[in-house]
Amino acid sequence: MALKDIIGQERAVNILQGCIAKERIPHALLFAGDEGIGKKLTAVNFVKALNCNKTVKKPGSEEVMELLPLTSSLPDSITPSLPDSCDACSSCTKTEKRNHPDVFFIEPEGDGEQITVAAIRELEEALRYKPFEGNYKAAVIDQADRMNAAAANAFLDTLEAPPPQSILILISARPEMLLPTIRSRCQRINFNPLPLHVMCALIQERSHKVSREHAMLLGELSGGRLGYAMQEDLIEQRDHAFTTLKDMINRTDEEEGGDMKELLDSLQVWLRDMAVFKATGRSDLLINRDREDEMTALLRGAALEGILKLARELYNIRKNMYFSLNEKLTRNYINLLIRKRLGRIHAGKQ
Ligand SMILES: [Zn+2]
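Computed from a predicted model, the values in this text were never measured in an experiment. (Residues numbered from 1 in each chain as written. Predicted model: local features only at pLDDT ≥ 70, side-chain atom pairs only at ≥ 80, totals over all residues. Heavy atoms only, no water.)

Some remarks on the nonpolar core
M274, L314, I338 and L342 are the most contacted members of the largest nonpolar core, which has 29 residues in total. Mapped by element, the contributors of at least two residues to this core are α12 (234-249), α13 (260-280), α14 (292-299), α15 (304-320) and α16 (327-342). No other element matches α13, which puts nine residues into this core. Discounting residues that sit within four places of it in the chain, M274 has contacts with L245, M295, L298, L299, I307 and L342. (Core = buried A, V, L, I, M, F, W, Y, C linked by side-chain atoms within 4.5 Å. Buried < 20%, exposed > 50% of the residue type's maximum accessible area, 1.4 Å probe, protein only. Helix = DSSP H or I, 4+ residues; strand = E, 2+ residues; numbered from the N terminus. Contact = heavy atoms within 4.5 Å.)

Spelled out as structure tokens, the structure:
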């Protein structure tokens with residue numbers, strides 16, 4: 001794929017193509033936005049366009065960029081093509097396969113899921129030399145907010161004296177966790193969730209077997225994040241969270257594993273529905289409409305205040321999960337909170 005194939009992030013893509021057309025490539029970019037929204041995909045394809053053997057700056061493309069807000073309304077025949085990768089040359093292929101000698105990918109690793117100072121130093125070293133094959137040396141730093149303190153400080157040095165012909169792309173769903181000094185040295189590009197009707201159309205386009213109702217559910221559960229919506233187990237994950245919620249209320253839960261972050265994300269969707277139903281009594285406003293009966297049964301006796309309180313408490317726990325919390329203690333604590341807030345409910349055996 002190429003930049004032109006990225007769906008729903010036209011604004012971000014236009015800015016990047018504008019940089020190439022004007023030959024003004026920032027030293028550091030920060031791609032900010034929710035997980036699963038296309039930040040990394042855009043980063044990889046931007047790097048491909050930068051280093052592609054066939055990317056030619058179209059004559060007049062600079063002027064076209066000035067008119068960009070208007071180009072979408074121009075007929076195809078006179079819409080000029082914007083700089084993009086060919087997606088076929090050796091440079092594009094190597095970048096796609098992640099074995100281009102000038103393109104580096106960094107992501108959190110190890111038990112602590114952190115980006116370490118060793119990884120940053122290695123990058124620094126690699127960026128010091130001129131590109132071997134491409135026009136630019138590029139580094140894509142995924143979950144950049146996971147740099148530990150030492151790594152962040154080392155990275156700051158690189159940002160302050162960027163090596164020539166290099167570009168650093170930081171990707172983050174939690175940009176507020178980055179050092180302000182890092183943030184201020186990057187040009188920020190925001191990525192936004194897709195509207196529900198667009199999501200719905202895209203999901204159905206990609207998977208013809210999916211009904212409109214099913215696509216709506218996936219669109220809503222994913223919060224407008226296409227990458228996330230196309231995950232196969234999104235509904236399974238939601239159902240698992242509901243079962244866990246019922247088990248916790250009924251005190252029948254067994255010691256079990258599973259991804260806590262996923263569980264907390266899915267629980268938020270259920271609590272959102274519970275609160276909406278409690279406040280309005282309207283089932284047409286629910287995300288999990290297909291399991292309305294079970295949910296309303298579970299709601300009997302719960303107070304809106306308790307549901308909202310629980311949602312806030314679980315949200316805070318989820319936020320703090322980026323620091324290494326003890327999994328077992330956290331699970332027990334969640335269990336306790338759920339019983340405390342929704343404990344008067346007896347869901348019965350379903
Ligand atoms: Zn190419």
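So, the pattern of salt bridges
The full count for this structure, using the stated rule, is 21 salt bridges. Of the charged contacts in the structure, one is a salt bridge between E35 and R174, with a shortest N-O distance of 3.1 Å. Placement of E35 in the loop between β1 (28-32) and α2 (39-51) and of R174 in the loop between β4 (166-172) and α8 (180-183) is noted, with a sequence separation of 139 residues between them. Taking relative accessible area as the criterion, E35 reaches 37% and is therefore assigned partly exposed. Residue R174 is classed as buried on the basis of its relative accessible area, which comes to 8%. Among the ionic pairs, K48 bridges to D87, the shortest N-O distance being 2.9 Å. (Salt bridge = Lys/Arg side-chain N within 4 Å of Asp/Glu carboxyl O.)

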